[in-house]
Amino acid sequence: MSTTSFVINGTPYTVNLLNFPPDITLNTFIREHAQLTATKFMCLEGGCGACICVIKGKHPATGELRIWAANSCLTLLNTCTNWEIITSEGIGSKRIGYHPIQKMLAKLNGSQCGFCSPGFVMNMYGLLESKNGKISSEEVENSFGGNICRCTGYRPILDAMKSFAADNTYDMLLDIEELNEKCCKKTANKCCPLQQKPLNHLMYEDESQWFWPKTIEELFTALNGVKEDEFMFVGGNTAHGVYRRTESIKSFIDINEIPELKTYTIDDETLSLGANLSLTEAMDIFKVAAQKAGFEYCEQLWKHFDLIANVPVRNNGTLAGNIATKKTHMEFPSDVFITFESLNAQVVYHESESETQTTELLEFLKLPEKKLLITAFILKAYPQENFNFMSYKIMPRAQNAHAYVNAGFLFEMDKKSGQVNSARICFGGIRPDFIHATAVENMLQNQKLFDQQTVAQIFKRLSEVLEPNAVLPDASPDYRKKLACGLFYKFLLNVAPKELVKEAYKSGGQLLVRPISSGSQKYDTNEKFYPVSQPVEKLEAMIQCAGEATYMNDTLTTNNSVYCAFVGATKVGAKIENIDATEALETPGVISFFKAKDIPGVNSFTAASCGYDLEEIFCSEKVKYYDQPLGVIVATSSDIANRATNKVKVIYSSENSEIFLDTAMVLQSGRTDRIYDVSKSAVKEIKLSEAADISGSGMLELGSQYHFTMEPQTTIAVPFEDGLQVWAATQWLDHTQAAIAQMLRINISSVQLRVRRLGGGYGSKITRGNQVACAASLVAFVLNRPARFVQTIESMMNSNGKRWACTSEYEFKIRSNAKITGLKNTFWQDAGCTLNENPVPVYSTLCSKNCYQFTANNFKLDGKAVLTDAASSAWCRAPGSVESIAMIENILEHIAFEAKVDPADARLVNLEPGNKMTELLPRFIKSTEYRARRKDIDTFNEKNRWRKRGLGLAIMEYPIIYLGIFTATVSIYHSDGTVVISHGGVEMGQGMNTKVAQVAAYVFGIPLKLVKIESTDTINGANSEVTGGSVGSESVCFAVSKTCNILNARLRPIREQLKKNATWQEVVQKAFQKSINLIASDCCKEGDLQQYTVYGLGLTEIEVDILTGNNMIRRVDIVEDTGESLSPFVDIGQIEGAFVMCLGYWLSENLVYDRQTGQLMTNRTWNYKPPGAKDIPIDFRIELLQKSKNQGGFMRSKATGEPPSCLAISVIFALQHAIQSARKDAGLKREWVRLGAPTTPETIVQMAGNDINKFSLE
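The following refers to the structure shown. Since this is a predicted model, take the numbers as computed values, not measurements.

**Focus on unusual backbone geometry**
Thinking step 1. Along the chain, Tyr530 connects to Pro531 via a cis peptide bond; the corresponding omega equals 5 degrees.
Thinking step 2. Phi is positive for Ala878, close to 60 degrees, though the residue is something other than glycine.
Thinking step 3. Mapped onto the elements of the fold, Ala878 is located in the loop between β32 (859-867) and α26 (881-899).
Thinking step 4. Look at Ala878 and you get buried, because its relative accessible area is 0%.

Shown next as structure tokens:
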């Protein structure tokens, strides 16, 4: 028998597994075979949450029905027998009615681009179902570490989800009985799951095989018949999210139905955990065990396990799977291992069905045998009157990240005297062969732990034995050593009798505890113009939250479609001599391979007609950067295509040129040929406006940032008659169309593009996606078959350009009150391998003075672009302005420090007279209670040595510039008066379509529900400008308003003829009868809208653990001058999202390269960390400046998409405030600390002046 059965959303599926690859995922089946596209395809490693579904199945040991959320991208289809699988379509839709979670998320504006929304919905649904609806707000907020959202800033999502908590009083509180009733109706098999006869063994044509043992005996029967290096036990398959499974694996042994592996027992002496218990099941057991004497430490185990990965991964990942991964990869920073080893856990394992062994965990890892089955882990009782246990995990963000360093400490001791009987001191993240600080463990026997001399000796010995290795992309060895020592010091501060610990040190013994977050929003509206300025639900929010909104990869194609994957070059600076794809082409399922010579036209994905230098689609000769695409593999599936890329052999020239990865390397080498003076000051030498009292200089270094759109770069190209129809994830259809046409050497009119919406853009899809679009179009055109190209996250991060990194060197002259008398700023921005999309002469220069006063001669700014051996840098949200405002605000902060004046006063004294900021800043200082809070923070810092707070202020003046043409076509249907609009802009989460609909409804005087926005295409939207620069929404709204007025003019005579109270439908029907054209088109062009300035102010309060570098943002206040907002909910969402995206830029998003090869080492969710739900401000306050009409722009409104990004620099100034206090306590000289982007926990600890040898209790 080769068939299996399961249910998806109430529909039974009986599947012949031999018709699919042996390692097909549930995600692939759901999307490509069940054709349910709410479940998204993104990172494929359980790190983003876009693919989450909910599973119901029987527990193999208890027989009880279990419900859990899972990452469908990690769940293998062959493990799904008798399961009921639920996707977003299954809980709510326009057909069956929407689910309360979907409705609430839409209602509270928790969906912008919408790509991530179904994943959030299903994670919440799984949480509610698994807890029978009884959850707290704290549980809810803690459960979304595995869901990434780049648009919203999370606040509205968390508000929506917390409304279902038992302790929340929101008026749409979920009735769990109603939920259960709805679930039974929609998924009929909930109450009577399938009972298919289980599979035992299946052999595939390629000699791969699957086994489904039900007993340990059956398991060893299977194990004895497979080769040692070609099998894997299948539990949750979550290790694939860390270490990609190799093609050598031919035998899969599913161990999920063996009852013995899913049980636990507890008595007075031991807790025995079945090896195949999921981490979530183990956590539930810890909660129970912690109530039993001797096992109180399980409460700490629960807390530590809660920091492992995320909820769906913990629901599926198992204890034994985690340890098996550690056994194979000793560098793996396993939290299960480090906690269990510190507790001296024992491993029970089988070498055969009859041979059972018990050994220590560390000894198990050393065993050479691979055919071992772990059956249980045994934890001992440790009476709390004699034992102290604590464990730690320090990460680059609050959740869903592996540790810099993790640790576990178990001490048996006399708690009164402090005398140690035994100690287990374990660290992870030091180096693969280091676990125990054995020398310190031995030294401490019979010693009094809290004696000053003992404490000093501990850190002396720790400093000697801790020798972390240097390996990319891990943090530096010095930081990891300091962190490990800091964790043990934190343990001492925590367990020592309070009377032995200095008062100011006590708070250092605790980790930061984050309370539940909240937010407030202030705005005004004008009912005169409703629905314009009305706070309405985003137009597409409901279908996005239900998973009904379609994105490029949701486009269905015929079954002869092919899939594409790039082959990348790996030798930067060398020339490609030969490409041999023979082995790849021999792989079953591979159809073809295309390279530069196969392109009939221009080998460039950028078009000169759009003002760009040419960039090669496929590298033809010299390799410009690591993983530069040199060709494309075409196959019958995405998996086959991506695997085959490694089989293409490339011969390079022997020349070995030096690699220059960043500006610093170029400057240090003196390679002036790579430096371009793009923005040169007319001022040769600055002339001071008045005599200076203080001089200073400094440097600011800003790294790059990956856009991290939730929707990958995606194109579907379909041959049609004499050309192509293309569905491409692009912000600039005109440019993508031109690039494809020039590549194929066909008329532009033969290439027609359509974009319904994007799953985020932020600049990444202006031109960077053209490379995928051109490759897919080439394949479709040549093979005459539909081609689907969805770029993997690794490929995108390697080959797509990112934010322009920036280095600034500045000198200032000031008076004693911080008034600037002269300023010189020279900055370099990293262009990558071309000068395309260069912000230096634009926003980097335009924003350089911000709102400060300078004379014609006391300010000198020189901007340079630097060519490096990296992918060409790209526009990224607020390009140039983020860097430019950061530069000038950093200088003002530095000036305040040197003048010893308050940073707010330094800004006030330097404001341009008459600038609007002269009114806004004093008001902001007062409304945020800035001065009182800063005083309170200073008092807090004086009383706490190892925990510090800081307050950071930033202000901005952001010029808005209109470019190009945006078209609009408005059609009125005579039968019912509904209106459909197609325009030249691209909806990508910024709420453009919502604002357009509001404007059309206002101009026509009709209800908003009568207006529908259709897809953007290259027919109605021909020649339209790129959607970017924050001006797309306003420009399209203006074009639509003009077009609607054309139609109104045509309808005016009809209105005059009819009675005064004639309905809209009557007017339209009469016009149709009189043959009046009810379709009109017009555009917004340069000069139609008056340019203007956006003002904004941000204040960030942060708390920092000086021993670890971990921090939490206690409060953020933002006031932005948005004019009269066209749509307040949309604009608030844009402000929150932009700010949080750049919090990631400043705090956690670290791009680490191998400086020898140019390879990006942080190229996936495993090691690149944008902010998560618990990284946002705890108290997030947004105000749209009220009674502030815009004299320019459209309908008195202002743009909001990008400007707020510039205010996130305030978090760095808050850190500066905190770090300066720590440095003062450390006895360091008062001096300015250079902080940049990103300022990670490593930077904080290194700058804080921690001295291991000075750690003490007193």
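**Quick notes on the packing of aromatic side chains**
Thinking step 1. Scanning the entire structure with this criterion turns up 53 aromatic pairs.
Thinking step 2. For the pair Tyr349 and Phe364, a centre-to-centre distance of 5.4 Å together with 55 degrees between the ring planes defines the contact as tilted. Pair noted here: Tyr349 is in strand β12 (residues 346-350) and Phe364 is in helix α14 (residues 361-366), with a separation of 15 residues, a long-range link.
Thinking step 3. Tyr349 sits in the buried class, given a relative accessible area of 7%.
Thinking step 4. Ring pairing ties together the aromatic residues Tyr392, Phe409, Phe411, Phe427, Phe459, Phe488, Tyr489, Phe491, Tyr505, Trp946 and Phe1255, which thus form one cluster.
Thinking step 5. In this structure, Arg949 is placed above the aromatic ring of Phe940, and the distance from its NZ or CZ to the ring centre is 3.8 Å.

**Here we look at the packing of helix α22 (residues 733-744) against helix α23 (residues 770-783)**
The angle between the axes and the distance between the axes are what describe a pair of packed helices.
Thinking step 1. One can describe the packing of α22 onto α23 by two numbers: an axis separation of 9 Å at closest approach and a directional angle of 45 degrees. It follows from the interaxial angle that α22 and α23 lie oblique. Every pair of crossing elements has a handedness; the one defined by α22 and α23 is right-handed. Counted together, His735, Thr736, Ala739, Ile740, Met743 and Leu744 of α22 and Asn770, Ala773, Cys774, Ser777, Leu778 and Phe781 of α23 form the full contact between these two elements.
Thinking step 2. Of the residues belonging to the contact of α22 with α23, the class tally is eight nonpolar, four polar and no charged.

**Here's the deal with the nonpolar core**
Thinking step 1. With 246 residues, the main nonpolar core has Phe411, Phe427, Phe459 and Trp1146 as its most contacted residues.
Thinking step 2. In this structure Phe411 touches Asn386, Phe387, Asn388, Val420, Ser422, Ala423, Ile425, Leu444, Leu449, Phe488 and Phe491, once residues within four positions along its chain are discounted.
Thinking step 3. Of all hydrophobic cores here, the second largest spans 43 residues; its members include Phe305, Ile323, Val347 and Ala381.

**What to know about a negative patch on the surface**
Thinking step 1. A cluster of acidic side chains, namely Glu228, Glu351, Glu355 and Glu369, defines a negative patch on the protein surface.
Thinking step 2. Assignment of secondary structure puts Glu369 in the loop between α14 and β14 (373-380).
Thinking step 3. Relative accessible area serves as the criterion here: at 35%, Glu369 is assigned to the partly exposed category.

**Considerations on helix α6 (residues 155-162)**
Thinking step 1. Within α6, seven of the eight residues are buried, which leaves it mostly tucked inside the rest of the structure.
Thinking step 2. Those residues of α6 that sit buried are Arg155, Pro156, Ile157, Leu158, Ala160, Met161 and Lys162.
Thinking step 3. Tucked into the core, α6 has its buried residues touching α3 (100-107), α4 (117-130), α5 (137-141), β18 (518-522), α33 (1128-1147) and β41 (1179-1184).

**Describing helix α32 (residues 1064-1073)**
Thinking step 1. Looking at α32, one finds that the buried residues are Trp1064, Val1067, Val1068 and Ala1071. On an axial view of α32, the arc spanned by its buried residues comes to 95 degrees, and they lie on one face.
Thinking step 2. Where α32 is buried, its residues contact β34 (966-972), β35 (979-983), α30 (992-1004) and α31 (1032-1057).
Thinking step 3. Just downstream of α32 lies Ser1075, where phi reads positive at about 60 degrees.

**Focus on the sheet that holds strand β38 (residues 1079-1084)**
Thinking step 1. A sheet is described by the order of its strands in space; here four strands give the open sequence β36-β35-β34-β38, paired in mixed fashion. Each end of this open sheet is capped by a strand with a single partner; those strands are β36 (1011-1013) and β38. On average, adjacent strands in this sheet sit at an angle of 20 degrees to one another, irrespective of strand direction.

**Examining the pattern of salt bridges**
A side chain of one charge can pair with a side chain of the opposite charge if their charged atoms are brought near each other.
Thinking step 1. In total, this model carries 67 salt bridges according to the counting rule given.
Thinking step 2. Here Arg674 and Asp869 are joined by a salt bridge, their closest N and O atoms 3.3 Å apart. Here Asp869 lies in the loop between β32 and α26 and Arg674 lies in the loop between α21 (663-669) and β24 (675-679), a separation of 195 residues in the sequence.
Thinking step 3. By relative accessible area, which is 14% here, Arg674 ends up buried.
Thinking step 4. Residue classification places Asp869 among the buried positions, given a relative accessible area of 13%.

**What about the state of the cysteines?**
Thinking step 1. A full pass over the atoms with the stated rule returns zero disulfides.
Thinking step 2. You can see Cys876 has no disulfide; the closest cysteine sulfur is in Cys1142, sitting 7.2 Å from it.
Thinking step 3. Looking at Cys876, the relative accessible area reads 1%, which means it is buried.

Rules used in this analysis
Residues numbered from 1 in each chain as written. Predicted model: local features only at pLDDT ≥ 70, side-chain atom pairs only at ≥ 80, totals over all residues. Heavy atoms only, no water. Helix = DSSP H or I, 4+ residues; strand = E, 2+ residues; numbered from the N terminus. Buried < 20%, exposed > 50% of the residue type's maximum accessible area, 1.4 Å probe, protein only. Phe/Tyr/Trp six-rings, centres within 6.5 Å; stacked < 30°, edge-to-face > 60°. Lys NZ or Arg CZ within 6 Å of the ring centre and 35° of its normal. Axes fitted to C-alpha atoms, helices over the stretch in contact; angles between N-to-C directions. Parallel < 35°, antiparallel > 145°, perpendicular 65-115°, else oblique. Left-handed = near helix turned anticlockwise from the far one by under 90°. Contact = heavy atoms within 4.5 Å. Nonpolar A, V, L, I, M, F, W, Y, C, P; charged D, E, K, R; others polar. Core = buried A, V, L, I, M, F, W, Y, C linked by side-chain atoms within 4.5 Å. Patch = residues over 30% accessible without salt bridge, like charges linked within 9 Å, V, L, I, M, F, W, Y side chains within 5 Å. Areas by Shrake-Rupley, 256 points an atom, 1.4 Å probe, with all protein chains shown as cover. Salt bridge = Lys/Arg side-chain N within 4 Å of Asp/Glu carboxyl O. Lys, Arg positive; Asp, Glu negative; His and termini not counted. Charge placed at Lys NZ, Arg CZ, Asp CG, Glu CD. Arc of directions from axis to C-beta. Pairing = 2+ DSSP bridges. Disulfide = S-S within 2.5 Å.

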